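Now for the letters of each chain:
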Amino acid sequence: MAFNPFAGLHYNLAGGRNKLILAAGAYLVVMLVGWYVAYSSAITSFPLRTGRPPSELEKSAISSSTSAGTLGWVAGAECLFLLLMVPLAVRKAVVTDYTSGMLESHRLTPLSGVRIAFGYLSSAPILAYCLYAAAVLLGAWLCVDAGRLLTMPAGVMLQHWFGGQALLLMMSFLAASAALLLALHAPGKKGAPLLIFFFLGGGSIIQLVPGLRLLLGFATASILISVVTKGLPSISGAGPSLIASALAQIAFSVLFFAAAARKVRVVGGSLFGLNHGLLLVLLFAVVTVVAICVMPSAFSFGDPDLDALSVQLGASLAVASLIAYAPLAAAADQQNASENAAAFGERRSARSRSYIVTIPLLLTALMCAMVMLGSRPDLFVDLSKAKAAGAAAPGSVTIPAGTSLPAGYRLPPGSVVNPDGSITFNPVPIAPHKPEKLSFFSFTGDGALPLAILLMLVMDIAIFVVCMRNQRAAVLWVGIAYVVFRVMPLLADGVQEVFDDLREDSQSVVVTTAVSPADGHTHGTDDDENFEAEAEHHIIESAAGEGVKNTASNAVDAGADGNSARRKSPLFFGQVSPLGTAILCLARAGNPWPGLAAQALLTAAFVGLWYRGLPKPIPAARPA
Amino acid sequence: MSATLLELDRVRVRYGSFLAVDDVTFALRGGDLLGMIGPNGAGKTTTLRAAAGLQPITTGSVKIMGEPIHPDRADSRAPLGFTPDTPAVYETLTVAQYLQFIGDCYSMDRPLIKERIDFWLDQLWLRDKRDAPVKSLSRGMRQRLAVARTLMPDPFVVLLDEPAAGLDPGGRLQFRQLLASLRDQGKAIIVSSHILADLAEYCTHILIMERGRVLRFGTVADISGESDASDTTQYAVTLAARLGDVENRLKSFAKVRAVRVDGEKLTLELPRDKAAAAEALKGLIMAGLPVVEFRPIQVDLEQAYLRSGIAQVD
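This one's a predicted model, so the numbers in the text were calculated from it and none came from an experiment. Every chain begins its residue count from 1, and numbering advances along the sequence as written. Note on labels: chains are lettered from A, ligands numbered from 1, in written order. The predicted origin of the model limits local features to residues at a pLDDT of at least 70 and limits the giving and counting of side-chain atom pairs to 80 or more, whereas totals for whole chains, interfaces and linings rest on all residues. To obtain the side-chain values, all non-hydrogen atoms of the structure were used and water was disregarded.

## With respect to the overall build of chain A
And step 1. Looking only at helices and strands, chain A has 26 helices and 2 strands in total.
And step 2. We call two residues in contact whenever any of their non-hydrogen atoms come within 4.5 Å of each other. When contacts within chain A are restricted to residue pairs at least 6 apart in sequence, long-range pairs at least 24 apart make up 77% of them.
And step 3. Using a 1.4 Å probe, the Shrake-Rupley method yields the accessible areas, and only the shown protein chains count as cover for residues. Counting every atom, chain A has about 25,200 Å² of accessible surface; 66% of that belongs to carbon and sulfur. Helical segments are the DSSP runs of H or I of at least four residues, strand segments are the runs of E of at least two, and each set is numbered from the N terminus.

## With respect to the overall build of chain B
And step 1. Helix and strand content of chain B: 10 helices and 14 strands.
And step 2. A buried classification covers 53% of the 314 residues belonging to chain B.
And step 3. Across chain B, every contact between residues at least 6 apart in sequence was considered, and the portion connecting residues at least 24 apart equals 68%.
And step 4. Of the roughly 13,700 Å² that chain B leaves accessible, carbon and sulfur atoms contribute 49%. Any residue under 20% of the maximum accessible area for its type is buried, any over 50% is exposed, and the rest in between are partly exposed; the area is computed with a 1.4 Å probe on protein chains only.

## A word on the pattern of salt bridges
Residues and elements named next belong to chain B.
And step 1. Any carboxyl oxygen of Asp or Glu within 4 Å of a side-chain nitrogen of Lys or Arg constitutes a salt bridge here. According to the stated counting rule, one finds 15 salt bridges over all chains in the structure shown.
And step 2. In this structure, Arg12 engages Asp22 in a salt bridge whose closest nitrogen and oxygen atoms are separated by 3.3 Å. Placement of Arg12 in strand β1 (residues 4–15) and of Asp22 in strand β2 (residues 18–29) is noted, with a sequence separation of 10 residues between them. Summarising the burial analysis for this pair, Arg12 and Asp22 share the class buried.
And step 3. Residue Arg130 is joined to Asp118 by a salt bridge in which the shortest nitrogen-to-oxygen separation is 2.6 Å. Taken together, the residues Arg130 in the loop between α3 (110–123) and α4 (139–151) and Asp118 in helix α3 connect sequence positions 12 residues apart.

## Focus on helix α3 (residues 56–100) of chain A
All names here are of chain A.
And step 1. Expected helix span is given by 1.5 Å per residue-to-residue step, counting one fewer step than there are residues. Compared with an ideal rise of 1.5 Å per residue, which puts 45 residues at 66 Å, α3 spans 61 Å between its outermost C-alpha atoms and is within 8% of the ideal.
And step 2. Along α3, the sharpest change in direction is near 35° and occurs at Met85; proline Pro87 comes one to four residues later.
And step 3. Gly101, located one to two residues past α3, shows a positive phi value of around 95°. One fitted axis covers the seven residues ending at a residue, a second covers the seven starting there, and the bend at that residue is the angle between these axes.

## A word on the sheet that holds strand β13 (residues 265–271) of chain B
Residue and element names in this part refer to chain B.
And step 1. Ordered in space as β12-β13-β11-β14, the 4 strands form an open sheet in which the pairing is antiparallel. Here the strands that pair on one side only, and so sit at the sheet edges, are β12 (258–262) and β14 (291–296). Strand-to-strand, the axes of this sheet are offset by a mean angle of 20°, without reference to chain direction.
And step 2. Pairing between two strands is assigned when DSSP locates at least 2 bridges connecting them. Across 7 bridges, the pairing between strand β11 (residues 232–239) and β13 is antiparallel. Within the sheet, the bridge partner assigned to Thr233 lies in β13 and is Leu270. Think of each axis as a best-fit line through the C-alpha atoms, taken over the contacting stretch in the case of a helix, with angles from 0 to 180 degrees between the N-to-C directions.

## Let's talk about the confidence of the model for chain A
Residues shown with low pLDDT carry predicted positions that ought not to be read at fine detail.
And step 1. When pLDDT is averaged along chain A, the result is 63; 44% of the residues meet or exceed 70.
And step 2. Values of pLDDT, ranging from 0 to 100, describe the predictor's confidence in every residue of the model. Confidence drops under a pLDDT of 50 for residues 191–195 of chain A, and excluding neighbours within four residues, the segment shows 10 contacts in the predicted structure.

## Thoughts on the sheet that holds strand β8 (residues 188–192) of chain B
Residue and element names in this part refer to chain B.
And step 1. In space, the 6 strands of this open sheet follow the order β6-β7-β8-β3-β9-β10, with mixed pairing throughout. In this open sheet, the two edge strands, each paired with only one partner strand, are β6 (80–83) and β10 (213–219). Neighbouring strand axes in the sheet, compared pairwise and without regard to direction, differ in orientation by 15° on average.
And step 2. Two strands pair when backbone bridges link them, and strand β9 (residues 205–210) and β10 are joined in this way by 6 bridges, in the antiparallel orientation. By the bridge assignment for β10, Ile208 is matched with Arg216.
And step 3. Packed onto the sheet, helix α1 (residues 44–51) meets β3 (33–37), β6, β7 (157–161), β8 and β9 and runs at close to 155° relative to β7.
And step 4. Each of β6 and β7 touches α4; the most contacted strand, β6, lies at about 170° to it.

## A look at unusual backbone geometry
Residue and element names in this part refer to chain B.
And step 1. In this structure, Asp154 takes a positive phi of about 60° despite not being glycine.
And step 2. Tracing the backbone through its elements, the reader meets Asp154 in the loop between α4 and β7.
And step 3. Judged by its relative accessible area of 39%, Asp154 is partly exposed.

## Overview of the nonpolar core
And step 1. Definition used in this section: a nonpolar core is a set of buried Ala, Val, Leu, Ile, Met, Phe, Trp, Tyr and Cys residues joined via side-chain atoms within 4.5 Å. Formed by 169 residues in total, the largest nonpolar core has its most connected members in B:Leu6, B:Phe26, B:Tyr98 and B:Leu159.
And step 2. Among the elements that make up this core, the one with the highest residue count is α3(A) (13 residues).

## Comments concerning the environment of B:Pro163
Residues and elements named next belong to chain B.
And step 1. Relative to the assigned elements, Pro163 resides in the loop between β7 and α5 (169–184).
And step 2. The spatial distance from the C-alpha of Pro163 to the C-alpha of Ala146 is 8.7 Å, given a sequence separation of 17 residues.
And step 3. Other than its neighbours up to four places away in sequence, Pro163 contacts Gln143, Phe175, Val191 and Ser192.

## Concerning the environment of A:Ser112
And step 1. With respect to the helices, strands and loops of the structure, A:Ser112 is situated in the loop between α4 (102–108) and α5 (113–123).
And step 2. Taking the C-alpha atoms as reference points, A:Ser112 and A:Arg265, separated by 153 residues in sequence, lie 7.9 Å from one another.
And step 3. Each residue touching A:Ser112, except ones within four places of it in the same chain, is listed here: A:Arg265 and B:Ala74.

## Notes on the packing of α3(A) against helix α6 (residues 126–144) of chain A
Residues and elements named next belong to chain A.
And step 1. Where α3 meets α6, the closest approach of the two axes is 9 Å, and the angle between their N-to-C directions is 160°. Comparing their axes, α6 and α3 come out roughly antiparallel. Every pair of crossing elements has a handedness; the one defined by α3 and α6 is left-handed. Contacts between α3 and α6 pair Ser67, Thr70, Leu71, Val74, Glu78, Phe81, Leu82, Met85 and Val86 from the former with Ala128, Tyr129, Leu131, Tyr132, Ala135, Val136, Leu138, Gly139, Leu142 and Cys143 from the latter.
And step 2. In this count, Pro and Cys sit with the nonpolar residues alongside Ala, Val, Leu, Ile, Met, Phe, Trp and Tyr, while Asp, Glu, Lys and Arg are called charged and the others, Gly among them, polar. For the contact of α3 with α6, a count of residues per class yields 15 nonpolar, 3 polar and 1 charged. Roughly parallel refers to an angle under 35 degrees, roughly antiparallel to one over 145, roughly perpendicular to one between 65 and 115, and oblique to any angle outside these ranges. Each crossing gets its hand from how the near helix is turned against the far one by less than a right angle, where anticlockwise is left-handed and clockwise is right-handed.

## A short note on the packing of aromatic side chains
The description of two aromatic rings rests on the distance between their centres and on the angle between their planes.
And step 1. Only Phe, Tyr and Trp rings are paired, with Trp represented by its six-membered ring, and only when their centres lie within 6.5 Å; those with planes under 30 degrees apart are stacked, over 60 edge-to-face, the remainder tilted. Across all of its chains, the model carries 11 aromatic pairs over all chains by this definition.
And step 2. Ring centres 5.2 Å apart and planes at 75° place the aromatic pair A:Tyr27 and A:Phe81 in the edge-to-face group. Of this pair, A:Tyr27 sits in helix α2 (residues 16–50) while A:Phe81 sits in helix α3; the two residues are 54 residues apart in sequence, bridging distant segments of the chain.
And step 3. Assessed through its relative accessible area of 9%, A:Tyr27 is described here as buried.
And step 4. Residue classification places A:Phe81 among the buried residues on the basis of a relative accessible area of 6%.
And step 5. Note on B:Phe119 and B:Trp120: the rings are 4.9 Å apart at their centroids and 80° apart in plane angle, and the pair reads as edge-to-face.
And step 6. A relative accessible area of 43% places B:Phe119 in the partly exposed class.
And step 7. Here the aromatic residues A:Phe6, A:Tyr120, B:Tyr90 and B:Phe101 are joined through ring pairs into a cluster of three or more.

## Brief notes about the side chain of B:Asp9
Residues and elements named next belong to chain B.
And step 1. With respect to the helices, strands and loops of the structure, Asp9 is situated in strand β1.
And step 2. On the basis of relative accessible area, Asp9 is assigned to the buried category, the value being 18%.
And step 3. N or O atoms within 3.5 Å of each other form a polar contact, as long as, within protein, one can give a hydrogen and the other can take it, and as long as residues adjacent in sequence are counted only when both atoms are side-chain atoms. Within the structure, the side chain of Asp9 is placed 2.8 Å from the side chain of Arg10, a separation counted as a polar contact.

Written out as structure tokens, the structure reads:
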């Protein structure tokens, strides 16, 4: 109690000992009744299947298999308790305290941020922990058949059972500390729990971003289902990737916890402090490189000819450039605060003068290092892609950095420039969810286009989110991204077909739009030679170097007689990201830099427009 | 002279484009009790929250006992107690459990917590509600519980936002006594309230706000005096008996600008300077009038507020 006054508080709020015991007891009863029903139905049905009653040995076998099945359900329930109930309980406690004003009451006390954050994590989910404790004991009993009254052992070694518990607890700590941080940052918003859909959504995002795969690889729906049906994975079978994953989870959990501890006491301002933000980017870079080092086979998807790493590095870079908003926003906040303090006679940190220059440079260096260290030549089918990825890294980070820092600086304290955790994960699903689906991006042959497209998408999205200063942007974006996440892979199939066709055509024609002189309607013309003869062709020259002859309008509205796959023009992706349309056309000329430069200009123009609407900061009146 | 306990220096708070608090500056010493008044939306609550370090300020500085508030330092706000206008409580806890939790948060020993719970429940007339769930308390009782929470750790600076809003007349009277007692203990206190008559009774200072700006700040006497825009002061004179023709006799006095007679009670309008009052009193006595009382008539706080030029009146 002395260290954690929240323990007594949440114990009382949860209704005290009786209610907790009742809940845990009810859970145990349900599981045991479930076990008994499954066992007796198996015994009862045995004569129907075999025409004779089961022998004692067969009864033992049925008992053992029923226990194993029950153990799967117990493990599944544990996942539910630790990965869902715990984060939700933490969030609910913070939101309740925020609504009632008790969060401010905590802030007035001399409790450190660490103690308050620890209190939320350790005490608010007390009911979930009680249920989990009951489940662990039940599972252990099923493993070792401690009672030898009802059951035979489930066939799972006890050390594997408890090893699995350690994994689950680590994941729970990660989920709970992330939930705590998000709840403290935006307690009035209800969108954060929607993040769970991304973790449970099949792991498509995780496939694209090696660092996320290492960090969250155990939290996909398939793993959870596997846990439910087959029990928790054992440590012994997983090897170095499991250990690296566990270490990454611990590192991120501690970082989120530290950021939450800061956020408990600091009202308003950025999601992360400057140091925490920098550490976040650093950790992500390290995890990305480690993931590529310890799990190289995971990124070829079993196909040695699949050049997936360039796409994954591009995606990692995109995610990193989004994460970079955290230290950038924190730097802006800190500079604002230190300038105000200086104006009112407090000592000013010398570092703050150079934030606007040093932080973007530092972040650029971090991301360049990530791409360079992750570009293992032995993992590339086409080495030029590694070079292109490395070359584009500085541009990719300096553009958002250059626009976001002054934007953040101009905002008054209390306004939000911070990316919520959600946007960290959301932009990537815009791209097709599997690397092989992304291969059409590389049709120019220089390997730079995938990166350019990913970057332009991410930048648009980032700016979009930043511009929607209202925190509802996060909720909205989760919804949009979820739809796109599901829809885009389907579309990608069609687009793939388009490019397969196009590769077989001349190098110069990529998108052809035809207007029938007879009816004025627009038609797709992939295989209709007669129609093609009448059509007016809009040709974009490919990267072969003939230059852009014309710019195609999109072919989405092609007439009913056009090929359906052909209608899914690559410019569809440009339409997803309006600014990206122009970039796509430029980038297709073979050189990514005009595209990136145009993106920078458009981004700057976009931010500039938004900028004009901002209130001007009040200059601090300096003491006479 | 007591040390400055709370100091706000050119504090500005913005919500987006809205400037909620604009250039608020004042300082309080131990024993000062500041009444903060103003229409709804004047910025009183935001100012109090900024003073408590709960509202990020756009520019300016807030110092408690000479030290700027650093939100990330746990002990930065420890000398400060703040009661919001809506009491922050845990509904399902009992009164004692709630205060026990607060005591734990301030790392008090169990015997000290028990002692303080007993003391403040007694002081705030909640003794018989000790084991009642918070959700069963009336609004006034919750308000008193919130004040008990604020005073549990014995803060040096006490900020109370509308503390008497839910109190009945008896409760208000007792609450005034409590505030006066806290003031006499040397605490610096700010009370935001719309009950001006109460403020006039126990406050040492008054701050009038409108649209985020400070319109008036000073002692109660100063504020009351400032509100009278004329260059005269009214004095109440009570005579031992009713006299005839007293009005004409008084009008002959050089300094008297106007006279009103109501039986044995007279009202004189004199120039603002105190020498004029002394001369008038001397004249009354020299004229043989049986004066039993001679005092300036203070413009009350309500009038001061109404005359301060505030457009909206609650």
